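# Structure assessment
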Amino acid sequence: MTTDVIVTHVDADELHARVEQLADLLVDTVDGGASIGFLAPLDRAEARAWWKERATGVAAGRLAVWAAHAGGRVLGTVTLAFPDKPNSRHRAELVKLMVHRDARGRGLGRRLLTTAEAAAATAGITLLHLDTETDSPAERLYDAAGWTRIGAIPDYAAAPDGVLRPTSIYFKKLTPAAPTR
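Residues numbered from 1 in each chain as written. Predicted model: local features only at pLDDT ≥ 70, side-chain atom pairs only at ≥ 80, totals over all residues. Heavy atoms only, no water.

## A look at the pattern of salt bridges
Stated precisely, the cut-off is as follows: In the sections that follow, a salt bridge refers to a side-chain nitrogen of Lys or Arg positioned within 4 Å of a carboxyl oxygen of Asp or Glu. Secondary structure elements are taken from DSSP: a helix is a run of H or I of four residues or more, a strand is a run of E of two residues or more, and numbering for both begins at the N terminus.
Under the criterion given, the structure shown has nine salt bridges. Across the pair Lys172 and Glu117 runs a salt bridge whose closest N-O atoms are separated by 3.1 Å. Here Glu117 lies in helix H4 (residues 108-122) and Lys172 lies in strand S7 (residues 164-173), a separation of 55 residues in the sequence.

Structural data, given as structure tokens:
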């Protein structure tokens, strides 16, 4: 694992302060072939704008973002998206787990995932869910971390190259540490 990497919670102000680094990470992730909602090539201005839009959700408490950084550079992120409906406040969606290609293979994805899971449990969340490209490296991470795959939807999303790919749906039950939501 990368020991010199620090993982911190990102508030709206820090998100704005790190928007250039976050945009670099997003562009690298898409260029690396990860299906995270964007087509390649991803314009850097579009990546910056996407991250800036997240600041509103972070400030409102609808999103919680963590960044892994070392040497003044963001190497990865993970986000939890919280529903606003009264009947779904027990769950959250794990979205945009990204690790820069230079930092992969050193346990950083697992560290970010563990951070989000622990924070969710502390917030009283008892159920997490996510979707990811079927047969992607991300599936190996989620399988190894104890997530349950419930199926796949064919042709759900286009990969960065525009080819439609299936998407796998996962969930993980959590034991809340201290309900605070």
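Following the structure, the description resumes.
## A short note on the packing of aromatic side chains
Test applied: Here a Phe, Tyr or Trp ring, Trp counted by its six-membered ring, pairs with any other such ring whose centre lies within 6.5 Å, and the pair is stacked when the planes are under 30 degrees apart, edge-to-face when over 60, and tilted otherwise. Any residue under 20% of the maximum accessible area for its type is buried, any over 50% is exposed, and the rest in between are partly exposed; the area is computed with a 1.4 Å probe on protein chains only.
The final tally for this structure, using the stated rule, is four aromatic pairs. Plain terms: the ring middles of Phe38 and Trp50 are 5.7 Å apart, the flat faces sit at 85° to each other, and that makes the pair edge-to-face. Separated by 12 residues along the polypeptide, Phe38 in the loop between helix H2 (19-31) and helix H3 (44-60) and Trp50 in helix H3 bring together distant segments of the chain. Since its relative accessible area comes to 9%, Phe38 is described here as buried.

## Side note on the side chain of Asp28
Heads up, the condition is: For this analysis, a polar contact is any N or O atom pair within 3.5 Å, provided that within protein one partner can donate a hydrogen and the other can accept it, and provided that sequence-adjacent residues contribute only side-chain to side-chain pairs. Residues count as neighbours in contact if any of their non-hydrogen atoms are within 4.5 Å of one another.
With respect to the element layout, Asp28 can be found in helix H2. The exposure class assigned to Asp28 is buried, which follows from its relative accessible area of 8%. Within the structure, the side chain of Asp28 is placed 2.8 Å from the side chain of Arg101, a separation counted as a polar contact. For Asp28, the contacting residues outside a window of four places in its chain are His100 and Arg101.

## Description of the side chain of Lys172
Here Lys172 falls in the buried class, since its relative accessible area comes to 16%. Within the local environment of Lys172, its side chain forms a polar contact with the side chain of Glu117, the two groups lying 3.1 Å apart. A distance of 2.6 Å separates a polar atom in the side chain of Lys172 from the backbone oxygen of Ala145. In this structure, Lys172 is in contact with Glu117, Thr126, Leu127, Leu128, Ala145, Gly146 and Trp147, ignoring residues within four places of it in sequence.

## Points about the pairing of strand S3 (residues 73-81)
Stated precisely, the cut-off is as follows: Two strands are said to pair when DSSP picks up at least two bridges between them.
Most of S3 is tucked away: eight of the nine residues are buried. Where strand S2 (residues 63-70) and S3 come together, eight bridges link them in antiparallel fashion. Bridge assignment links Ala70 to a residue of S3, and that residue is Arg73. The hairpin formed by S2 and S3 contains two residues between the paired strands, and Gly71 there has a positive phi angle of roughly 60°. Across five bridges, S3 lies against strand S4 (residues 91-99) in antiparallel orientation. Its bridge partner being in S4, Thr77 is matched across the sheet by Met98.

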